[in-house]
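What follows is the residue order along each chain.
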Amino acid sequence: MSLVQKLFSLEGKTAIVTGANTGLGQGISVALAAAGAHVFGVARRSCAETLEKVNAVGGTFTEVIADLSDMSAIDKIIAEVSSKTERIDILVNNAGIIKREDAINVTVEDWDQVINLNQKMVFFLSQAVAKRWIEDQKGGKIINICSMLSYQGGIRVPSYTTSKSGIIGLTRALANEWAKYNINVNGIAPGYMATNNTTQLRNDASRSEDILSRIPAARWGTPEDMYGAAIFLASDASAYMNGFTVAVDGGWLAR
Ligand code: NAD
């Protein structure tokens, strides 16, 4: 293996990717599997399409059906993955939801759904995995999927902005505590990507035009655009990166 292959290889590693059945989680699953990891994709629904795409790149993928809005999913996921592999090496906290509504009309129920999945679950799933890593002293990698709304206020998405602004802070907070255990906690902040998350925006001609005209790369991002940053942050190549969030945004933040 060349130095470059060694740095970026995930051969022999096991990764958990949440929200692996669609969009960015699917892209991240394909990337990590292509780099050699056995990917356990967590989703509420079948990950058949992801499995097909992972097979196409010669990777290994196992689905774990769980509803991440329920905290009891954590023990179920860890137990199921642990029964099929020796060790978890990488956790990608990708699953997330967005609720679009004027701030004045947001309900407690909608607020809780977004915060519980996008924020509370990310913390407690990370905690559960890190406990094992601290105990076996072998370290690990956590990648939190942040957002442009980790930096900006957004329009009509106050609960989402709260959750994603929290996650970029949580990424730093966990890195501060866990870097000494050889646990790298970093984030990826995708820009405006063509997935279910942005269907409403892309269907709104005027919003869509506003967004596109502000992206220096002049196009919506894709799940494939996540490949490089995901492999980098999951691999030895990022061994001395702690608490940083990389933007994959076609230049949106540079504007
Ligand atoms: P998506 O809607 O296709 O993906 C969301 C994923 O989360 C799906 O796989 C879904 O099954 C999963 N999920 C939702 N609720 C769940 C639950 N209760 N239990 C288990 N899984 C659940 O959209 P996406 O764009 O791929 O979103 C992935 C992540 O990227 C999210 O955290 C999102 O906030 C973030 N993000 C997306 C964009 C974008 O422009 N698309 C930009 C920045 C950040």
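Use the structure listed above.
These notes cover the structure that comes with them. Quantities reported herein were computed from a predicted structural model and do not represent experimental measurements.

Below, the discussion takes up the pairing of strand S1 (residues 14-18). For a regular strand, the rule is simple: side chains alternate between the two faces of the sheet. In terms of burial, S1 is a largely internal element, 5 of the 5 residues being buried. Relative to strand S2 (residues 38-43), S1 runs parallel, the two being bridged by 5 bridges. When the bridges of S2 are listed, Ala-15 appears paired with Val-39. As for the winding sense of the linkage, the β-α-β connection from S1 through helix H2 (residues 23-34) to S2 is right-handed. Both S1 and strand S4 (residues 90-93) contribute to a ladder of 3 bridges, which runs parallel. Residue pairing across strands places Val-17 opposite Val-92, the latter belonging to S4.

One finds Ile-16, Leu-68, Ile-77 and Tyr-192 to be the most contacted residues of the largest nonpolar core, which totals 39 residues. For this core, the secondary structure elements donating two or more residues are S2, helix H4 (73-84), helix H5 (108-136), helix H6 (158-178) and strand S6 (183-190). In terms of residues, this core owes the most to one element, H5, which gives 7 residues. Excluding residues within four positions of it along the chain, Ile-77 makes contact with Ile-16, Val-42, Val-64, Ala-66 and Leu-68. Among the nonpolar cores identified, the runner-up in size contains 31 residues, and Ala-35, Ala-43, Ala-234 and Val-248 belong to it.

The rules behind each value
Residues numbered from 1 in each chain as written. Predicted model: local features only at pLDDT ≥ 70, side-chain atom pairs only at ≥ 80, totals over all residues. Heavy atoms only, no water. Buried < 20%, exposed > 50% of the residue type's maximum accessible area, 1.4 Å probe, protein only. Helix = DSSP H or I, 4+ residues; strand = E, 2+ residues; numbered from the N terminus. Pairing = 2+ DSSP bridges. Right-handed = clockwise from strand over helix to strand, strands pointing away. Core = buried A, V, L, I, M, F, W, Y, C linked by side-chain atoms within 4.5 Å. Contact = heavy atoms within 4.5 Å.

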